[in-house]
Amino acid sequence: MTGDPHAGTDTRDQAIAALAAMAIGIQILEAAIPSPVPGIKPGLANIVTLITLLVLGWRAAVAVTLIRVVGSSLLLGTLLSPAFWLSLAGALASLALLAALRPFATRHVGPVGLAIAAAMAHITGQFLLAWAIIIPHPNLPLVLPPLLLAALITGGLTGILTAHVLADPRIQRHVHNPTPNH
């Protein structure tokens with residue numbers, strides 16, 4: 001042991017970078033898959049966010065999410081476009097709700113509940129931005145119920161996948177002995 005006070009921070013930063021890279025890769029792959037309904041994607045990159053939240057904590061989840069949104073928009077060529085702002089609005093709404101639910105995480109709200117809540121917040125954040133600025137049409141709220149239903153389904157799917165990943169023994173040792181939240 002070298003006694004380096006930054007050794008734990010370096011390892012944590014490397015974990016955040018690796019998780020952000022995985023989330024960017026997943027989001028780019030997901031963007032390449034055609035959707036039967038425009039604007040509705042499974043949100044598989046959110047699995048990485050939830051794992052980060054549950055294993056490394058709140059700050060790491062925020063970092064991974066923001067790096068994913070900016071990094072994927074750079075690679076997809078959508079930086080500062082409406083798609084970027086919608087993605088950012090959804091991510092921030094999702095993070096805000098996850099922050100509110102964080103005290104209940106793992107004990108009262110498991111990965112499926114967190115994923116569903118995050119997906120619902122994500123679509124609501126996107127919808128509010130779209131309605132307020134991009135498409136301020138009075139009939140736009142009519143599309144919100146089907147969007148929320150899609151968020152419920154996709155959130156359930158990502159929650160189930162997150163629970164399976166977290167059940168992996170290689171991940172379990174980090175869940176039971178997480179690094180301190182910084």
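Values in this document were obtained by computation on a predicted structure and should not be read as measured data.

Student: It is not clear to me how the overall build of the protein chain should be interpreted in this structure. Could you clarify?
Tutor: Helix and strand counts for the protein chain stand at 7 helices and 0 strands. Its helices and strands taken in sequence order, the protein chain reads α-α-α-α-α-α-α from the N to the C terminus. In terms of overall size, the protein chain behaves like a compact globule, its C-alpha atoms giving a radius of gyration of 17 Å where 182 residues would be expected to give roughly 16 Å. A principal-axis box enclosing the C-alpha atoms of the protein chain has dimensions of 60 × 35 × 25 Å.

Student: Whenever I open this one, the side chain of Arg68 confuses me. Can you help?
Tutor: In this structure, Arg68 sits in helix 3 (residues 58-76). For the buried Arg68, no salt bridge is present, and the opposite-charge side chain at shortest range is Glu30, 7.2 Å distant.

Student: Please clarify how the side chain of Thr49 should be interpreted in this entry.
Tutor: Structurally, the position occupied by Thr49 is in helix 2 (residues 45-56). For Thr49, a relative accessible area of 6% translates into the label buried. Ignoring sequence-local partners within four residues, the contact set of Thr49 consists of Ala61, Thr65 and Arg68.

Student: How do you make sense of a nonpolar patch on the surface when you look at a structure like this?
Tutor: A grouping of Val70, Leu74, Leu75, Leu79, Leu80 and Trp85 is seen on the molecular surface, where their side chains present a nonpolar patch of about 600 Å² in accessible area. Broken down by element, the nonpolar patch gets its largest block of residues, 3 residues, from helix 3. For Leu75, the position within the fold is in helix 3. Judged by relative accessible area, which is 62%, Leu75 ranks as exposed.

Student: Explanation requested: the packing of aromatic side chains in the structure shown.
Tutor: What characterises a pair of aromatic rings is the spacing of the ring centres plus the angle enclosed by the ring planes. All chains considered together, the criterion is met by 2 aromatic pairs. Judged by centre distance (4.9 Å) and plane angle (75°), the ring pair of Phe84 and Trp85 falls under edge-to-face. Classification of Trp85 as partly exposed rests on a relative accessible area of 40%. On the basis of an interplanar angle of 35° and a centroid distance of 5.8 Å, the ring pair of Phe127 and Trp131 is categorised as tilted. You can see Phe127 and its partner Trp131 sitting in helix 5 (residues 111-134), 4 residues apart, about one turn around the helix.

Student: Which parts of the structure should I look at to understand helix 2?
Tutor: It helps to recall that an α-helix has 3.6 residues per turn; residues three or four apart then point in one direction. When the terminal C-alpha atoms of helix 2 are compared, their 16 Å separation across 12 residues agrees well with the 16 Å that a helix rising 1.5 Å per residue should span. Counting buried positions along helix 2 gives 11 out of 12 residues, so the element sits mostly inside the fold. Regarding helix 2, the residues found buried are Ala45, Ile47, Val48, Thr49, Leu50, Ile51, Thr52, Leu53, Leu54, Val55 and Leu56. Note on helix 2: the residue one or two positions beyond its end, Gly57, has a positive phi of about 105°.

Student: Any chance you could explain the environment of Gln126 here in plain terms?
Tutor: Mapped onto the secondary structure, Gln126 falls in helix 5. The exposure class of Gln126 is buried, given its relative accessible area of 18%. With 28 residues separating them along the chain, Gln126 and Thr154 place their C-alpha atoms 15 Å apart. Leaving out residues up to four positions away in the same chain, Gln126 has contacts with Leu86, Ser87 and Gly90.

Student: I tried to follow the nonpolar core on my own but got confused; where do I start?
Tutor: Nonpolar side chains tend toward joint burial in soluble globular proteins. If you look at the biggest cluster of nonpolar residues, it comprises 24 residues, and the most contacted ones within it are Leu56, Val64, Leu98 and Leu114. Ranked by residues supplied to this core, first place goes to helix 2 with 9 residues. Counting 6 residues, the second largest nonpolar core, distinct from the first, contains Ala119, Ile123, Phe127 and Leu147.

Parameters at a glance
Residues numbered from 1 in each chain as written. Predicted model: local features only at pLDDT ≥ 70, side-chain atom pairs only at ≥ 80, totals over all residues. Heavy atoms only, no water. Helix = DSSP H or I, 4+ residues; strand = E, 2+ residues; numbered from the N terminus. Rg over C-alpha atoms; globule rule 2.2 N^0.38 Å. Buried < 20%, exposed > 50% of the residue type's maximum accessible area, 1.4 Å probe, protein only. Lys, Arg positive; Asp, Glu negative; His and termini not counted. Salt bridge = Lys/Arg side-chain N within 4 Å of Asp/Glu carboxyl O. Contact = heavy atoms within 4.5 Å. Patch = residues over 30% accessible without salt bridge, like charges linked within 9 Å, V, L, I, M, F, W, Y side chains within 5 Å. Areas by Shrake-Rupley, 256 points an atom, 1.4 Å probe, with all protein chains shown as cover. Phe/Tyr/Trp six-rings, centres within 6.5 Å; stacked < 30°, edge-to-face > 60°. Expected span 1.5 Å × (residues − 1). Core = buried A, V, L, I, M, F, W, Y, C linked by side-chain atoms within 4.5 Å.

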